[in-house]
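Coordinate inspection notes
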2 protein chains.
Amino acid sequence: MRLLTTDDLEDLTLGATLLGTGGGGDPFIAKLLAQQAIEDYGPIRIVDPAELDDAAQVVTIAVIGAPTVIIEKIPSGSEFVAAVKALASYIGRDIDAIMPVEVGGMNTLIPLAVAAELGLPCIDADGMRRAFPQVEMTTFTLAGLSASPMSLADEKGNRVAFETTSNQVGERLVRGSAMMLGLANALAAYPMTVAQVKEAAIVGSMRFCSEVGGHLRAIQRNEPGAWHDFFSLTDGSIVFQGKIIDVDRRTTTGFARGTVVLEAFDDPSRTMRIEIQNELLLAIEDGRTVVTPPDLICMLDHETAEPITTETLAYGQRVTVLGLPCAPEWRRPGMLDVVGPRAFGYDVDYVNLGGAR
Amino acid sequence: MRLLTTDDLEDLTLGATLLGTGGGGDPFIAKLLAQQAIEDYGPIRIVDPAELDDAAQVVTIAVIGAPTVIIEKIPSGSEFVAAVKALASYIGRDIDAIMPVEVGGMNTLIPLAVAAELGLPCIDADGMRRAFPQVEMTTFTLAGLSASPMSLADEKGNRVAFETTSNQVGERLVRGSAMMLGLANALAAYPMTVAQVKEAAIVGSMRFCSEVGGHLRAIQRNEPGAWHDFFSLTDGSIVFQGKIIDVDRRTTTGFARGTVVLEAFDDPSRTMRIEIQNELLLAIEDGRTVVTPPDLICMLDHETAEPITTETLAYGQRVTVLGLPCAPEWRRPGMLDVVGPRAFGYDVDYVNLGGAR
């Protein structure tokens with residue numbers, strides 16, 4: 001067990017925002033929520049699954065919706081606690097620990113704030129070690145765990161509980177309800193035991209976020225060797241550097257969807273197209289697929305090395321695009337069915353970025 | 001208490017289909033479901049609320065979706081029992097009696113079949129004494145009762161439970177989930193006590209259906225005085241007779257919507273336009289509003305006097321259009337807010353058809 005204080009939030013937020021691949025919500029608001037929770041309830045207990053009883057009851061929480069909406073309809077906080085309590089009541093069990101479902105600005109920090117408020121530990125693990133737009137896109141699904149019973153809540157007191165025959169159907173149902181509730185809601189899902197966390201989750205993803213964030217901060221401070229350290233940790237590489245010459249964005253079917261086109265600094269005839277569904281999903285350079293899910297596309301401001309979330313993309317931004325291999329926990333049979341390019345409707349083959357971590 | 005046998009089904013189904021104002025689902029399939037239930041489980045116990053304990057737990061059930069879908073995706077039956085059981089589990093109480101939420105081919109007969117299967121009585125009452133397309137459009141809403149907790153189920157084993165801040169929000173949430181589950185699902189809603197039924201429901205609506213059905217059958221047999229008896233009972237009148245010269249139909253936003261245009265037999269320059277949202281809602285003759293909700297628009301085949309449901313409307317049909325005043329239980333303050341023309345988005349005033357019953 002370690003205690004997370006406000007001092008730890010900078011690196012964690014920075015790393016989570018980067019690994020959120022453009023999604024996962026606004027990091028600034030998320031950090032404020034976590035800071036407030038620490039001030040109100042004291043430091044947050046971060047635990048490894050090995051420190052908990054195998055039979056302990058865990059639930060993941062996340063904000064669900066479209067980032068384009070979430071920056072305008074800011075979480076109030078109460079809906080997350082409500083979602084956890086509704087799920088606990090539905091399954092008839094007390095919740096022993098909270099876990100993030102994904103890594104991202106809001107979706108890493110809000111579970112911490114909720115854990116603080118509920119007086120529960122937060123497990124250092126998740127189901128993606130990045131952000132994905134859909135509920136079923138987790139290593140939990142890959143391991144055969146059910147996302148349901150799930151509980152969706154809004155800030156007004158509305159609650160919906162789902163019990164579904166598959167996580168894919170669960171995604172459709174949750175999305176339908178979230179669309180009706182304003183597309184920025186709290187979801188408590190994947191109730192599981194600690195034994196199941198050990199088997200199916202990506203353990204240590206929060207620590208990984210903090211390390212990535214620390215290296216990225218060193219890059220931002222122009223420390224010598226910082227890029228080298230960052231790439232040693234992530235096995236990533238720079239896949240494009242250029243300016244945004246087109247952004248097409250629409251909030252539709254419950255997601256923020258769009259396309260962004262970049263033109264290379266060094267050669268205006270070189271262009272990269274990146275497809276967006278809440279997250280940056282697919283990078284294509286002049287017709288050649290360069291990065292595909294579940295590998296990560298991360299976009300940084302070219303000058304400040306600040307991660308850019310998809311809802312803030314704008315014409316003229318000068319950016320660096322990174323490609324990072326996905327967490328090794330993804331590499332199980334069935335990975336591409338759950339999170340490969342065709343799971344998103346892109347008719348292209350997976351390009352393996354490799355990577356050891 | 002009276003026992004409903006297969007002999008009673010003809011009049012009941014005919015009356016329910018007429019009062020369903022074109023909605024409420026396919027009566028033929030509904031009758032088969034009820035017949036089968038009586039054969040399997042014996043006659044169905046129909047009770048008046050006065051025969052039950054005031055504290056007894058009642059729940060309404062209905063098929064929810066679009067009639068255009070429901071005639072192709074036929075209810076299996078199991079989803080209704082599942083919805084009732086899920087709701088019972090959610091509220092932590094046994095269900096003592098079933099009640100229809102509305103009058104209509106399927107939505108009168110399916111509750112009977114489910115009551116038979118569950119060995120429960122079915123209360124002779126409902127919340128509309130007609131069919132309306134939306135969950136909140138009930139005398140229960142008018143009386144301040146909550147539709148939630150509600151439980152939606154499909155035939156595959158998916159379940160959604162809703163707890164909402166208003167019945168209007170409940171409608172949007174249920175609709176969103178039903179759209180994702182195929183738009184022909186089972187809804188258990190409006191859990192209430194018998195004391196609340198007495199206060200808020202339209203008691204005797206099933207008997208009224210049977211009486212209306214009996215008179216309509218007499219009309220179909222060309223019995224002398226049959227029309228007179230029918231109008232004495234319903235306070236209705238013939239508002240148009242003509243042939244269908246246009247049908248525009250689309251299944252969108254979770255409903256079967258459309259417009260049907262009629263041309264008078266006796267004067268081709270007279271036309272009537274009827275607006276549809278699952279049910280026949282608004283009748284306008286040459287720009288003059290003739291029938292508005294909550295009053296009933298019922299359409300009969302001109303030759304056979306068989307009620308026509310909206311999903312079977314077709315070019316060239318020769319029809320008789322009736323206008324019937326709504327049940328007197330609707331006439332409370334707030335009626336037009338819940339079921340008046342503007343509640344459906346039609347910017348016209350309510351035309352009071354009057355009526356004593």
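Everything numeric here is computed off the predicted structure, so don't read it as measured data. (Residues numbered from 1 in each chain as written. Chains lettered and ligands numbered in written order. Predicted model: local features only at pLDDT ≥ 70, side-chain atom pairs only at ≥ 80, totals over all residues.)

Things to note about the domain arrangement of chain A
Residue and element names in this part refer to chain A. Convention followed: Delimitation of the domains relies on an automatic or database domain assignment. C-beta atoms are first placed from the backbone for all residues, and any pair lying within 7 Å is then listed as a contact. Note on conventions: DSSP H or I runs of at least 4 residues are helices, E runs of at least 2 residues are strands, and numbering of each starts at the N terminus. For this scheme, ten residues count as nonpolar: Ala, Val, Leu, Ile, Met, Phe, Trp, Tyr, Cys and Pro. Four count as charged, namely Asp, Glu, Lys and Arg, and the remainder, Gly too, count as polar.
Structurally, chain A comprises domain 1 (2-205) and domain 2 (234-344). Between the C-alpha centres of domain 1 and domain 2 there is a distance of 24 Å. Listed by partner, the interface residues are 28 residues for domain 1 and 27 residues for domain 2. Elements with a minimum of two residues in the side of domain 1 that touches domain 2: α1 (9-19), α3 (67-70), α6 (139-142) and α7 (167-180). Its residues assigned to classes, the side of domain 1 that touches domain 2 comprises 15 nonpolar, eight polar and five charged.

Things to note about the sheet that holds strand β15 (residues 288-291) of chain B
All names here are of chain B. What counts here: Two strands form a pair only when DSSP identifies at least two bridges running between them. The angle between two axes is taken between their N-to-C directions and runs from 0 to 180 degrees, where each axis is a line fitted to C-alpha atoms and a helix contributes only its stretch in contact.
The strand order β15-β14-β13-β12-β11-β17-β16 describes an open sheet built from seven strands, whose pairing is antiparallel. Edge positions in the sheet fall to β15 and β16 (296-301), since each of these pairs with one other strand and no more. Sheet twist, expressed as the average angle between the axes of neighbouring strands with direction ignored, equals 35°. Taken together, the three bridges between strand β14 (residues 279-285) and β15 define a ladder with antiparallel strand orientation. Across the sheet, residue Glu-285 finds its bridge partner in β15, namely Arg-288.

Describing the relation of the copies chain B and chain A
Let me state the cut-off plainly: Here the copies are matched by least squares. The fit uses the C-alpha atoms of residues with pLDDT of at least 70 in both.
With an axial shift of 0.0 Å and an RMSD of 0.0 Å, the rotation relating chain B to chain A amounts to 180°. What the rotation and shift describe, once combined, is the action of a two-fold rotation axis. By residue overlap, the copies meet face to face through one surface: 100% of the interface positions of chain B are interface positions in chain A.

Comments concerning the packing of α1(A) against helix α5 (residues 105-118) of chain A
All names here are of chain A. Let me state the cut-off plainly: For classification purposes, angles smaller than 35 degrees are called roughly parallel, those larger than 145 roughly antiparallel, those between 65 and 115 roughly perpendicular, and all remaining angles oblique.
Interhelical geometry of α1 versus α5 gives an angle of 140° and a closest axis separation of 7 Å. Relative to α5, the element α1 lies oblique. In this structure, α1 contributes Leu-12, Thr-13, Ala-16 and Thr-17 to the contact, and α5 contributes Gly-105, Thr-108 and Leu-109. Looking at side-chain class alone, the contact of α1 with α5 contains three nonpolar, four polar and no charged residues.

Some points on the sheet that holds strand β16 (residues 296-301) of chain A
By way of backbone hydrogen bonds, the strands of a sheet pair with one another, either parallel or antiparallel. All names here are of chain A. On the basis of which strands lie adjacent, the open sheet formed by seven strands has the order β15-β14-β13-β12-β11-β17-β16 and antiparallel pairing. What marks the edges here is a single partner per strand, and that holds for β15 (288-291) and β16. Across this sheet, the average inter-strand angle for adjacent strands is 35°, counted without regard to direction. One ladder, built from six bridges, connects β16 with strand β17 (residues 318-324); its direction is antiparallel. What sits directly across from Leu-296, in β17, is Leu-324.

Points about the pairing of strand β13 (residues 271-277) of chain A
Regular strands place side chains that alternate from one sheet face to the opposite one. All names here are of chain A. The condition is simple: Counting other C-beta atoms within 10 Å of a residue's own tells you its class, since 20 or more makes it buried, 12 or fewer makes it exposed, and anything in between is partly exposed; those C-beta atoms are placed from the backbone.
Counting buried positions over the seven residues of β13 gives five, a clear majority of the element. Across seven bridges, strand β12 (residues 255-264) lies against β13 in antiparallel orientation. The partner of Val-260 across the bridge, within β13, is Ile-274. What sits between the antiparallel neighbours β12 and β13 is a turn of six residues. Strand direction decides the pairing type here: β13 and strand β14 (residues 279-285), joined by six bridges, are antiparallel. Looking across to β14, one finds that Gln-277 is bridged to Glu-279. Linking β13 back to β14 in an antiparallel pair, the connection comprises one residue, with Asn-278 at a positive phi of about 65°.

Re the interface of chain B and chain A
With 17 residues of chain B at the interface, the matching set in chain A holds 17 residues. Every element with two or more residues in the side of chain B that touches chain A is listed here: β8 (159-163) and α7 (167-180) of chain B. It is α7(B) that contributes the most residues to the side of chain B that touches chain A, seven residues altogether. Here the residues of the side of chain B that touches chain A are counted per class, giving seven nonpolar, six polar and four charged. Pairing of strand β8 (residues 159-163) of chain A with β8(B), which is carried by five bridges, proceeds in the antiparallel orientation. Directly across from Ala161(A), in β8(B), lies its bridge partner Ala161(B).

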